[in-house]
Amino acid sequence: MSKESQKRQGLTLVYTGNGKGKTTSALGLALRGIGRGFKVKIFQFIKSPERTYGEQIALKKLGVEMVQLGIGFTWTKTPEEHREALKKAWPQAKEAVMSGEHDLVILDELNNALAIDKFPIDDVLPFKEVIELIENKPSHVHLVITGRSAKQEVKELADLVSVIEPEKHYYNEGIPAVKGIEF
């Protein structure tokens, strides 16, 4: 850890809401941080490593690891498969934050995972541990949490909460996901 990072106060930023742009906002911060010499690590809690994403390709070229910890949308796999993925995901993400090795850690779609109500989640992704992570992360680490349905307790602990809401979306006009825009 550099002397500069020891002096910095790490922030907790939350991007939530139903609009498009939560992950994009977090990735914009990653790019800004990389440009300023930050060591950045990104975890995605829902996206699967079985797919390739444009941002993952670009970040790899910049030397930033983006780890897909999920297995896709909750309706594409069984609850047991999702639970097993989250059970493996949480310790990895928690360790990366608490190690203090990174200046910026993005926990993309963590809010989505915490909001799952179709199957039990708290025993594999304990909400209490998420709160403890936010409260006790190393003081220089900037933590970014994205995803719909951010819990009130997470928002209260955050230094910044941006709620992104749709006003107009091309999906409503029948335009499917666009390569380079959504993936």
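Refer to the structure above for everything that follows.
A quick note: this is a predicted structure, and the numbers were derived from the prediction, not measured.

A. Highlighting the packing of aromatic side chains. Following the criterion strictly, the structure yields 1 aromatic pair and no others. Measuring from centroid to centroid gives 5.6 Å for Tyr-170 and Tyr-171, while their planes differ by 85°, and the two rings are edge-to-face. You can call Tyr-170 partly exposed: its relative accessible area is 25%. For Tyr-171, a relative accessible area of 42% translates into the label partly exposed. The ring of Tyr-53 carries Lys-47 above its face, with NZ or CZ at 5.9 Å from the centroid. Residue placement shows Lys-151 over the ring face of Phe-127; its charged tip is 5.6 Å from the ring centre.

B. Region of the structure containing the packing of helix α4 (residues 79–99) against helix α6 (residues 127–136). Look at α4 against α6: their axes get within 10 Å of each other, and the N-to-C directions meet at 10°. Classified by the angle their axes make, α4 and α6 are roughly parallel. Along its contact with α4, which presents Trp-90, Lys-94, Val-97 and Met-98, the element α6 presents Glu-129, Val-130, Leu-133 and Asn-136. When grouped by side-chain class, the residues that make up the contact of α4 with α6 number 5 nonpolar, 1 polar and 2 charged.

C. Structural context of the side chain of Thr-16. The residue Thr-16 is located in strand β1 (residues 12–16) in this model. You can call Thr-16 buried: its relative accessible area is 4%. In this structure Thr-16 touches Lys-22, Asn-111, Gly-147, Arg-148, Ser-149, Ala-150, Val-161, Ser-162, Val-163 and Ile-164, once residues within four positions along its chain are discounted.

D. Inspection of the sheet that holds strand β5 (residues 142–146) at higher detail. Strand order in the open sheet formed by 6 strands is β3-β2-β4-β5-β1-β6, and the pairing between neighbours is parallel. With one partner strand each, in any of the chains shown, β3 (65–68) and β6 (160–163) form the two edges of the open sheet. Each neighbouring strand pair of the sheet contributes to a mean axis angle of 10°, computed without reference to strand direction. Both strand β2 (residues 40–44) and β3 contribute to a ladder of 4 bridges, which runs parallel. Each bridged residue has a counterpart across the sheet, and for Gln-44 the counterpart in β3 is Gln-68.

E. Quick look at unusual backbone geometry. Unlike most non-glycine residues, Glu-109 shows phi in positive territory, near 70°. Mapping Glu-109 onto the fold places it in the loop between β4 (104–108) and α5 (110–114).

F. The arrangement of the pairing of β1 in detail. Among the 5 residues in β1, 5 count as buried, and that is most of the element. Here β1 shows two buried faces, one formed by Thr-12, Val-14 and Thr-16 and the other by Leu-13 and Tyr-15. One ladder, built from 4 bridges, connects β1 with β5; its direction is parallel. Counted as the bridge partner of Val-14 is Ile-145 from β5. Here 4 bridges tie β1 to β6, and the two strands are oriented parallel to one another. When the sheet's bridge partners are listed, Val-14 is paired in β6 with Val-161.

Scoring rules and cut-offs
Residues numbered from 1 in each chain as written. Predicted model: local features only at pLDDT ≥ 70, side-chain atom pairs only at ≥ 80, totals over all residues. Heavy atoms only, no water. Phe/Tyr/Trp six-rings, centres within 6.5 Å; stacked < 30°, edge-to-face > 60°. Buried < 20%, exposed > 50% of the residue type's maximum accessible area, 1.4 Å probe, protein only. Lys NZ or Arg CZ within 6 Å of the ring centre and 35° of its normal. Axes fitted to C-alpha atoms, helices over the stretch in contact; angles between N-to-C directions. Helix = DSSP H or I, 4+ residues; strand = E, 2+ residues; numbered from the N terminus. Parallel < 35°, antiparallel > 145°, perpendicular 65-115°, else oblique. Contact = heavy atoms within 4.5 Å. Nonpolar A, V, L, I, M, F, W, Y, C, P; charged D, E, K, R; others polar. Pairing = 2+ DSSP bridges.

Shape descriptors only; they carry no functional weight alone.
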